[in-house]
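An overview of the molecular structure
Okay, here's what each chain looks like letter by letter:
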Amino acid sequence: MTAPTIEVALAGRRGGFALEASFTAPGQGVTAVFGPSGCGKTTVLRCIAGLERLEGTCRVTGETWQDETTFRPPHRRPVGYVFQEASLFAHLSVEGNLLYGVRGRVPADAAVRFDDVVELLGLSPLLMRAPHNLSGGERQRVAIGRALLSQPRLLLMDEPLSALDRATKDEILPFLERLHLSLSLPVLYVTHDMREVERLADHLVLMRAGRVIAAGPLAALQSDPALPLVTARDAAVGLDAVVTHLDPAYGLATLAVDGGVFIVPAGAGTMVGERRRLRIAAGDVSLAREPPGPSTILNVLEARIRAVEAGDNEVTAVLGLGHDGAGARILARITRRSFERLELSEGMAVHAQIKSVALAPGVRR
Amino acid sequence: MSEEIWTAVRLTLQLAAVTTLVLLVIGTPLAWWLARSRRWWAEVVAAIVALPIVLPPTVLGFYLLVALGPSGPGGLVAGLWGARTLAFTFEGLVIGSVVYSMPFVVQPIRNAFAAMGERPLEVAATLRASPARAFWTVAVPLARPGFLTGAVLGFAHTVGEFGVVLMIGGNIPGETKVLSVAIYDYVEALQWREANMLAAGMVAFAFLVILAVTLIDRRVGRMRE
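Residues numbered from 1 in each chain as written. Chains lettered and ligands numbered in written order. Predicted model: local features only at pLDDT ≥ 70, side-chain atom pairs only at ≥ 80, totals over all residues.

The name given to chain B in an unreviewed UniProt entry is Molybdenum transport system permease, with the source organism recorded as Chelatococcus caeni. In UniProt, chain B has this text filed under Sequence similarities (unreviewed entry): "Belongs to the binding-protein-dependent transport system permease family. CysTW subfamily." (UniProt positions renumbered as here; feature names shortened; annotations may be inferred.)

In the nomenclature of an unreviewed UniProt entry, chain A corresponds to Molybdate transport system ATP-binding protein from the organism Chelatococcus caeni. The UniProt entry for chain A carries the following comment under Sequence similarities (unreviewed entry): "Belongs to the ABC transporter superfamily."

What follows is the structure, encoded as structure tokens:
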């Protein structure tokens, strides 16, 4: 057997709209299915759950859920599904909702235990309440817990935050991050919000108009000049880094990525050896041909221009970190005027000055 | 009150109870199918079920009489235990009442099933509930107000039926002589006091039924908030 994966290949029509989605996702971690509204993301997720049917195949961690001869009905697929609206059962209490998918005795070695879920999602004060007395964020937390307690082998989340306001999203995101860290469950996460992708996802499936245009590790797709992410207005790259040094006197941490190190304000509790995610926005990176003189900018890294995407007045350069440019990739958004004045071109060695580097809050495995 | 009146009251309540029970048993799967089927002929079936609302009871009663009589299917069924006809029997009245009150039970239940939408059942399926378990543990509890309204209306409507009973049941004390027929008889016989007693009882009963349905509806409104 090869490494457990999720293999999906679906094709068909949905109301005058052709959908053809095939991709492979790893059998662990969070894979974001990202694309604009109406591109077929939700349909793909519903087909994986068996709630809708298109022709094709669907295999999840070694089990065939659908192929030419098989179509498992939804209740025979070990998925957890979190809908956009929490969709709690109005006639059951929070506890009743959580326990609906728990049949019989929970084995002692179950991957997800009731107490753990209640603890992880902060549900203990809500257990006896009725769903209509909960806030939107609380409802969605209950829905997530309910899906987890059915002991799924694959968690499907369909824009679980998009019906919530900004503040409620920020309330739930940390729960999702903790979830990701404490469970080895693979997650397919549908969203049209790049911010959620950057915070949660390891892998990305990129969809446009009913088709999968790319699938792969997040950072690789974010810096692939052939894909539209590079030229998006808020283009950024998420890099997985390791904390190598702490400077408590200045409250700074040194993080190593492939081909360079970054110095970043360290939050309380940051520890040497932790894996953290850095977010580097293309608009925060400027380029110099010579090593710049003394500057307040902490992060100046050697890099090479690997590719250039020219827009009307702006140029987005894909940089490979390190003297030879073989390290991790980041993006730099500069004006076309600067690009021409500095006579920049592909393959050239440059110094990337990074005005700000955001350290994502969650520790990563 | 005379023994005669009590017999009529008992018979009426018995007929309404049996009819309501039968209607819940056959009306629930019918309402479920009507709420979820996307086929055009589901509406044809719905229209047939709704016919008793607009048809004069005498028209309905006439066809029921033919169907229950010796040369109709009712006669065949009655033949199983050696009788000639289902007309003018309690069983015949139950069959007639079921047809007559069907829309009042099926429509509230159908509406309740339709109002909850597909989502709760999808959620149940993704939580590993078989379609049968989803029906009993999600659809039925969520449609409970529809069942209550349907049962109350079906019961009340059966209590109040007159034309159909007269057509297929006649006037046999203890067998087919229900309240509404009894009132008619008392008036015919100029026994105004008895007629008034029964009529006033019916007014009070109707008022309580309408009040009950309104209160149920209000509760549903609160639940859906």
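**Things to note about the overall build of chain A**
A tally of regular secondary structure across chain A gives eight helices and 20 strands. The C-alpha atoms of chain A give 22 Å as radius of gyration, which agrees with the globular expectation for 365 residues (21 Å, within 12%). Expressed as lengths along the three principal axes of its C-alpha atoms, the size of chain A is roughly 70 × 50 × 40 Å. For chain A, contacts bridging at least 24 residues in sequence account for 66% of all contacts bridging at least 6. (Helix = DSSP H or I, 4+ residues; strand = E, 2+ residues; numbered from the N terminus. Rg over C-alpha atoms; globule rule 2.2 N^0.38 Å. Contact = placed C-beta atoms within 7 Å.)

**Quick notes on the overall build of chain B**
Counting secondary structure elements, chain B contains 11 helices and zero strands. Listing the helices and strands of chain B from first to last along the sequence gives α-α-α-α-α-α-α-α-α-α-α. Once the C-alpha set of chain B is aligned to its principal axes, its extents read approximately 65 × 40 × 30 Å. In chain B, which comprises 225 residues, the proportion classed as buried is 38%. At a minimum sequence separation of 6, the contacts of chain B that also span at least 24 residues come to 71%. (Buried ≥ 20, exposed ≤ 12 C-beta atoms within 10 Å, placed from the backbone.)

**Some remarks on the sheet that holds strand 17 (residues 314-321) of chain A**
Residues and elements named next belong to chain A. If you walk across this open sheet you meet the five strands as 15-19-16-17-18, and the pairing is antiparallel. Both outer strands of the open sheet, strand 15 (285-288) and strand 18 (329-335), are each paired with one neighbouring strand and no more. Mean inter-strand twist for the sheet, computed between neighbouring axes without regard to direction, equals 45°. (Pairing = 2+ DSSP bridges. Axes fitted to C-alpha atoms, helices over the stretch in contact; angles between N-to-C directions.)

**A look at the UniProt feature "transmembrane region" (unreviewed entry) in chain B**
The residues that UniProt annotates with the feature "transmembrane region" (unreviewed entry) are residues 12-32, 44-66, 86-106, 147-169 and 197-216 of chain B. Within residues 44-66 of chain B, the helical portion is 91% and the strand portion 0%, while the C-alpha atoms at the span's ends are 23 Å from each other.

**A short note on the nonpolar core**
Ranked by internal contacts, the top residues of the largest apolar core, which has 99 residues, are V33(A), L156(A), L188(A), Y189(A) and A352(A). Viewed by domain, this core spans two of them, domain 1 (5-222) and domain 2 (236-364) of chain A, each represented by three or more residues. In this structure L188(A) touches A25(A), T31(A), V33(A), L45(A), I48(A), L154(A) and L156(A), once residues within four positions along its chain are discounted. Counting residues in each nonpolar core, the second largest holds 55 residues, with F113(B), F155(B), V181(B) and I183(B) among its members. (Core = buried A, V, L, I, M, F, W, Y, C linked by C-beta atoms within 7 Å. Domains from an automatic or database assignment.)

**What to know about the confidence of the model for chain B**
Should the pLDDT be low somewhere, the predicted coordinates at that spot are not to be read in detail. All names here are of chain B. When pLDDT is averaged across chain B, the result is 89; 97% of the residues are at 70 or more. In the model of chain B, helix 11 (residues 192-223) stands out as the element of lowest mean pLDDT, 83, in contrast to helix 6 (residues 119-126), which has the highest, 95. Two summary scores accompany this predicted model of the complex, namely pTM at 0.85 and ipTM at 0.84. (pLDDT = per-residue confidence, 0-100.)

**So, the interface of chain B and chain A**
Contact residues are listed per partner, giving 15 residues for chain B and 16 residues for chain A. For the side of chain B that touches chain A, the class distribution of residues is nine nonpolar, two polar and four charged. (Nonpolar A, V, L, I, M, F, W, Y, C, P; charged D, E, K, R; others polar.)

**Details of helix 10 (residues 179-188) of chain B**
Every buried residue belonging to helix 10 of chain B is among L179(B), S180(B), V181(B), A182(B), I183(B) and Y186(B), and all of these are buried. Remark: L190(B) follows helix 10 of chain B within two positions and exhibits a positive phi of approximately 60°.

**Things to note about the environment of S87(A)**
With respect to the element layout, S87(A) can be found in the loop between strand 6 (79-82) and helix 2 (94-99). Classification of S87(A) as buried rests on a count of 21 C-beta atoms within 10 Å. Sequence separation of S87(A) and S37(A) is 50 residues, and the distance between their C-alpha atoms is 21 Å. When near neighbours in sequence (up to four residues on either side) are disregarded, S87(A) contacts A143(A), R119(B), P120(B) and V123(B).

**Points about the environment of R289(A)**
All names here are of chain A. Within the element layout of this structure, R289 appears in the loop between strand 15 and strand 16 (299-310). In this structure R289 comes out as exposed when scored by C-beta crowding, with 12 C-beta atoms within 10 Å. Residues R289 and Y100, spaced 189 residues apart in sequence, show a C-alpha to C-alpha distance of 62 Å.

**Here we look at the UniProt feature "domain: ABC transmembrane type-1" (unreviewed entry) in chain B**
If you check UniProt for "domain: ABC transmembrane type-1" (unreviewed entry), the listed places come out as residues 9-215 of chain B in our numbering. For the annotated span residues 9-215 of chain B, helix accounts for 80% and strand for 0% of the residues, and the straight-line distance between the end C-alpha atoms is 26 Å.

**Describing the pairing of strand 1 (residues 5-13) of chain A**
Residues and elements named next belong to chain A. Pairing analysis gives nine bridges linking strand 1 to strand 2 (residues 18-26), with the strands arranged antiparallel. If you follow L10 over to strand 2, its bridge partner there is A21. In this antiparallel pair of consecutive strands, strand 1 and strand 2, the connection spans four residues, and G15 shows a positive phi of 55°. Bridge analysis of strand 1 against strand 4 (residues 55-60) gives six bridges, and the strand direction is antiparallel.

**Details of the packing of helix 1 (residues 3-36) of chain B against helix 5 (residues 90-116) of chain B**
Residue and element names in this part refer to chain B. Axis separation between helix 1 and helix 5 bottoms out at 7 Å; the angle between their running directions is 45°. Viewed along their axes, helix 1 and helix 5 adopt a mutual orientation that is oblique. At the point where helix 1 passes helix 5, the crossing takes the right-handed sense. Classifying every residue of the contact of helix 1 with helix 5 by side-chain character gives 19 nonpolar, five polar and one charged. (Parallel < 35°, antiparallel > 145°, perpendicular 65-115°, else oblique. Left-handed = near helix turned anticlockwise from the far one by under 90°.)

**A few points about unusual backbone geometry**
The phi angle at S87(A) is positive, at roughly 55°, despite the residue not being glycine. Its identity is not glycine, yet L190(B) carries a phi of approximately 60°, on the positive side.

**Considerations on the packing of helix 5 of chain B against helix 8 (residues 144-160) of chain B**
Residue and element names in this part refer to chain B. Axis separation between helix 5 and helix 8 bottoms out at 8 Å; the angle between their running directions is 160°. Comparing the axis directions of helix 5 and helix 8 gives the class roughly antiparallel. Our pair here, helix 5 against helix 8, has a crossing hand that is right-handed. Each of S97, S101, F104, V105, P108, I109, N111 and A112 in helix 5 lies in contact with helix 8, whose residues at this interface are P145, G146, F147, T149, G150, A151, L153, G154, H157 and T158. Residue composition of the contact of helix 5 with helix 8, by class: nine nonpolar, nine polar and no charged.

**Quick look at the domain arrangement of chain A**
Interface size is commonly expressed as the accessible area that is lost once the parts come together. Residue and element names in this part refer to chain A. According to the domain assignment, chain A consists of domain 1 (5-222) and domain 2 (236-364). Taking only C-alpha atoms into account, the centre of domain 1 sits 33 Å from that of domain 2. Taken together, the contact between domain 1 and domain 2 spans eight residues of the former and 11 residues of the latter. For the side of domain 1 that touches domain 2, the elements supplying multiple residues, two or more each, are helix 5 (166-182), helix 6 (194-200) and helix 7 (218-222). Taken together, the residues that form the side of domain 1 that touches domain 2 break down as four nonpolar, one polar and three charged.

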